[in-house]
Number of protein chains: 4
Amino acid sequence: MLKKIGVLTSGGDAPGMNNAIAGVVKSAHAKGIEVFGIKDGYKGLINGWFTKLDSDFTLDIISKGGTVLGSARLPEFKEESVRQKAVDQLQKHGIEALVVIGGDGSYMGAQRLTEMGINCVGLPGTIDNDIVSSDYTIGFDTALNTVIESVDKIRDTMTSHNRAAVVEVMGNRCGDLVTYAAIGTQAEVFSPSESKLTEEEICIQVKKLADINHRSVIILISEKQFDAKALAKKIQEVSGYDTRATILGHTQRGGRPTGMDRYLAFTAAMFAVDKLIAGEGGLYIGIENNQLVARDIESTLNMPKPDRTQIINKIRILNSKQIK
Amino acid sequence: MLKKIGVLTSGGDAPGMNNAIAGVVKSAHAKGIEVFGIKDGYKGLINGWFTKLDSDFTLDIISKGGTVLGSARLPEFKEESVRQKAVDQLQKHGIEALVVIGGDGSYMGAQRLTEMGINCVGLPGTIDNDIVSSDYTIGFDTALNTVIESVDKIRDTMTSHNRAAVVEVMGNRCGDLVTYAAIGTQAEVFSPSESKLTEEEICIQVKKLADINHRSVIILISEKQFDAKALAKKIQEVSGYDTRATILGHTQRGGRPTGMDRYLAFTAAMFAVDKLIAGEGGLYIGIENNQLVARDIESTLNMPKPDRTQIINKIRILNSKQIK
Amino acid sequence: MLKKIGVLTSGGDAPGMNNAIAGVVKSAHAKGIEVFGIKDGYKGLINGWFTKLDSDFTLDIISKGGTVLGSARLPEFKEESVRQKAVDQLQKHGIEALVVIGGDGSYMGAQRLTEMGINCVGLPGTIDNDIVSSDYTIGFDTALNTVIESVDKIRDTMTSHNRAAVVEVMGNRCGDLVTYAAIGTQAEVFSPSESKLTEEEICIQVKKLADINHRSVIILISEKQFDAKALAKKIQEVSGYDTRATILGHTQRGGRPTGMDRYLAFTAAMFAVDKLIAGEGGLYIGIENNQLVARDIESTLNMPKPDRTQIINKIRILNSKQIK
Amino acid sequence: MLKKIGVLTSGGDAPGMNNAIAGVVKSAHAKGIEVFGIKDGYKGLINGWFTKLDSDFTLDIISKGGTVLGSARLPEFKEESVRQKAVDQLQKHGIEALVVIGGDGSYMGAQRLTEMGINCVGLPGTIDNDIVSSDYTIGFDTALNTVIESVDKIRDTMTSHNRAAVVEVMGNRCGDLVTYAAIGTQAEVFSPSESKLTEEEICIQVKKLADINHRSVIILISEKQFDAKALAKKIQEVSGYDTRATILGHTQRGGRPTGMDRYLAFTAAMFAVDKLIAGEGGLYIGIENNQLVARDIESTLNMPKPDRTQIINKIRILNSKQIK
């Protein structure tokens, strides 16, 4: 019978992580299990930065962005001797199992700890939606809304001035933020990570819009593809639109979590605690086909990435044809 | 080969309806099909209130709540003679098929029109999430976020003053707005349509929280269950908390659509136009298991409502146990 | 030389109160003065619910609505014997002076404490904008934006459906929330506290709009004038508009403080601490003509209320004339 | 007796411009005066891009950012021959007077047109708050809230990760956006246009915070002072904080106008129309000491800029001292 569990957040923070923490705390308390918050991810784990969390604590955090537990990088966690320190700290405090909230960078640590006797269950916390074993990740919905609100604002001023705007959005390996935001804002041109356009392709498309006197143009690009300012300059030369660049940057990582992020985070956390109580570990929780599922961490690593080509192409065709 | 289609919104409006309209317009235009907007639902249909929509129009509407086409009730549409007028108007204008955006109140009209030779495809537009053939309806996500933002604000002041608040939320036949919002805000007590509490049960729960000096209490109720003010008064008498009532009302029906509502509305509209182009009608589009599906309208009417009892009970158990 | 001061919030909470607390803490710390937060207003004062506040604390609270110190009513504070307890508690803890954040209900307590040897300076914290010695009060700007966002949402759905809406807004003695929101939302009819309309006048105005087929109508009323539902019913009978009622209630009292509320709260708090350091008390801070001023509490009580009649009448004239 | 007036927006767009347009339309209509909207500023003026505006139009625009009339640059308007075309167009359409909404770049045009017989009154529309004859400009309040919301989001993730962030804010000649946002967000370091810090000063301050293990640091800078990315890199080297750069860019120029921007824009527009009706021109409207005033354009150009040094220095002192 489980008496004490820990919870930590690892990797890039995401809105909804606090709701996952709250879900862990409340689910565990309902079964009489104590919960310890571990500060700054695996770093706090090896240093023993543990704090007992009470139920009231959850009310303070559920509308806050980021993670109140903090997060930090610890590449050394790949080494067994380092992980052993973590196991020692957990045993010293009587903590028998762990919920790990984070991206796939935290998978292996959770898997290895499980192998060393500490059952771990992971929750998909990342704004990038780049965890293939979950249709949506905790934080994606909030980040998407932040991007859409920002692009709507940029659209206001671009339309006022008959301009074009390059907007750089997060999502290095997964372009879902770009694709979903393009659909939500009717961005005329978009270049998600998995279906990049060349500078030339972008310029040609914007030029065509200039030729039919389209009032404003939004070009959404995933990070690490282009230098946004240089691209804007090139577009201006080719199309004639006065063109501006905005890099949304870390605004996308914060903010009050949306309803769906809160719901996913909280219910996935409940599910994770159930698994730990059942004595299971080495699992990653995902939402697939609108249902919570738990998969072996190993198996999730080999899942194929969903193919967005079809929807991306369909939207691009719509954007290329206009009737006045 | 289809040349002209119509689009109308029917029943209670919902954020995202404008994105569905935009999706219809852009999808049809990409295939060279003209789109006519029909003002005020079936009422405009029989009166011939039709306007040709251009592609630029879509940019103006995608960040707006409500429906720019307007909606109206027309109970007489049940009569065949009235529907014949609609068919006549459509034929006069050469409109061969129709996208109907609305709740299940608009199902039968779409089915009957299809039987009379006008192919209709329906899209699930309603904030209530009460269409059983779709996991989520267009407008639910925006309304949920409106409820959560409102409850967060109410929580601020209730916590400042050590008070309790009764908050009445929409959702007469389906309590999802209450249930999801309860999870998102950690409402201590909640009474969704499909799992109502009695006044006595609510008072007892609040009293227990008073006994452990819980700082603030949120009680979420679906509309048409209680008189919110009278309930607040009763709770105050039993629990000792100074208790206030708020009726969120029609604020829940408006507002800028969220990313997910925009995405669902736009992609479902694309799917609907594809069906019309394929010569199909009498269908309702839903999102099931994270995929768009088209079902016969007849069959959707007999689908069983998903059972929320399990999640509701689990959350209630969490709420009833607290560790300090 | 001052060494320890206290800060409390009193009366109805308002967004921005936390920024005022932060301003007190940081200003005092910059001069080497310790700050004690007093829980639940005057109630905590007599019970000695004091907590030393550190600088880091301020970062956690500045984007939160409500007051983290809590507020409570204590009518008995009018009695000298009760106030003597407060003075005793303060002296016991070595707290020499006090910042009181709240509405005019907290004036007299601050004045009496000053007379008993504890210098007090008040800050105008209330959403109602009903403190005549300040052009704006802390919380008004946030509440105004909450009202406007809510009315914008209600407008969306009313326009979709060709309806009228009665919206009840806070502000019992001062109708500024209604008047400013009416200007910001172009509410067709508005009835602020200081220039009430009769039910008949409202119905006549709405009827005129119905006669020219105006699409939607917003009627803003200050609280405690009408039964909103009954008024809606009456309007529906007279005008023919399907009419709905919403009571915004306590949503208006919470929420993240706006930029202006943060700025006013923080700078006014700095000013208050300066006054305490200068050995002054019995003062109330206000913003007049865009400048912070400190007035004797006694004198503020006799100031005439600013007359809004002119602007209200001008707006009503605009609303009554329309050109198509 | 005036029969027709025009309204245009000029220079950089700002939220609230649409409310000013609405105010012009409704005020003029109430006096039986027709209003013509002029597309794209002075450019539309010389090209005769005029559209008659009706009262209903105003309801569609008041919650929208940007300017529905559009804006454009026209440096040639300095030449009398170009302005003569504008006068000709206005006379051809019988438009006798003009409201010009824009920054001080539009002052001289309005003054010269007045001299050529077309009475013009200007309204201060710019997010920068850089018009010295007005305490606040239309658009500043909305932009300030956009900045604060963005910085709050950035703070969430910086605190989660123990990082520093450089945030570049608009306001080339006037640093009010930086200064007010610094007060609202407790940015630890800020460098507004009129009180710039050197790179070295910034690094030293951040280093001091690193030395006391301050969890996160926000550095707000006005545009055109630094290369934000290079500055972030330097700060990282000196302080040890992992440091990120965000350029808020054109998100600051759009968005739904706040209550105060709506109020200021609408009431200032009413005042402007009153002046035109009184036969006056060559005026600029401002809000000074919380009152609307009209000044000769010439005189506003020579007004001294308000000195923000005192408040900037006071806040910097607070930031440099912390008690734990």
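If you're wondering where the values come from, they're calculated on a predicted model, not measured in any experiment.

Cut-offs applied
- Residues numbered from 1 in each chain as written.
- Chains lettered and ligands numbered in written order.
- Predicted model: local features only at pLDDT ≥ 70, side-chain atom pairs only at ≥ 80, totals over all residues.
- Heavy atoms only, no water.
- Salt bridge = Lys/Arg side-chain N within 4 Å of Asp/Glu carboxyl O.
- Helix = DSSP H or I, 4+ residues; strand = E, 2+ residues; numbered from the N terminus.
- Buried < 20%, exposed > 50% of the residue type's maximum accessible area, 1.4 Å probe, protein only.
- Contact = heavy atoms within 4.5 Å.
- Buried area = accessible area lost by both parts, 1.4 Å probe.
- Polar contact = N/O pair within 3.5 Å; in protein donor to acceptor, adjacent residues only side chain to side chain.
- UniProt positions renumbered as here; feature names shortened; annotations may be inferred.

Caption draft 1: Looking closely at the pattern of salt bridges. Counted under the stated rule, the structure contains 72 salt bridges over all chains. Across the pair Lys 207 of chain A and Asp 211 of chain A runs a salt bridge whose closest N-O atoms are separated by 2.7 Å. One end of the pair is Lys 207 of chain A and the other is Asp 211 of chain A, both in helix α8 (residues 199–211) and four residues apart, which spans about a single turn. Assessed through its relative accessible area of 32%, Lys 207 of chain A is described here as partly exposed. Where Asp 152 of chain C meets Arg 256 of chain D, a salt bridge forms, and the shortest distance between an N and an O atom there is 2.4 Å. Taken together, the positions of Asp 152 of chain C in helix α6 (residues 140–161) and Arg 256 of chain D in the loop between β9 (243–247) and α10 (259–277) put the pair across two chains. For Arg 256 of chain D, a relative accessible area of 30% puts it in the partly exposed group. A single network of salt bridges, built from pairs that share partners, joins Asp 104, Asp 130 and Arg 173 of chain A.

Caption draft 2: A look at the interface of chain B and chain A. On the chain A side, the residues contacting the 52 residues of chain B number 52 residues. Taken together, both faces of the contact between chain B and chain A bury some 4,900 Å²; the carbon and sulfur share is 58%. Here chain B and chain A share 16 residue pairs in polar contact (both at pLDDT 80 or more) between them. If you list the elements that add at least two residues to the side of chain B that touches chain A, you get α1 (17–30), α3 (55–61), α6 (140–161), α7 (176–185), α10 (259–277) and α12 (309–320) of chain B.

Caption draft 3: Summary view of the environment of Glu 149 of chain C. Relative to the elements of secondary structure, Glu 149 of chain C occurs in helix α6. The exposure class assigned to Glu 149 of chain C is partly exposed, which follows from its relative accessible area of 31%. Put simply, Glu 149 of chain C and Tyr 284 of chain C are 135 residues apart on the chain and 31 Å apart in space, counted from C-alpha to C-alpha. The residues contacting Glu 149 of chain C, other than those within four sequence positions of it, are Lys 153 of chain B together with Arg 256 of chain D.

Caption draft 4: Spotlight on the UniProt feature "binding site: Mg(2+)" (unreviewed entry) in chain A. Residues and elements named next belong to chain A. Under the feature "binding site: Mg(2+)" (unreviewed entry), the UniProt entry names Asp 104. One can find Asp 104 in the loop between β4 (97–102) and α5 (107–115). Those residues in contact with Asp 104, other than ones at most four positions away along the chain, are Asp 130, Ile 131 and Arg 173.

Caption draft 5: Main features of α7 of chain B. Residues and elements named next belong to chain B. Summarising burial for α7: 10 of the 10 residues are buried, a large majority. Every buried residue belonging to α7 is among Asp 176, Leu 177, Val 178, Thr 179, Tyr 180, Ala 181, Ala 182, Ile 183, Gly 184 and Thr 185, and all of these are buried. Positive backbone phi, approximately 55°, marks Gln 186, located one or two places after α7.

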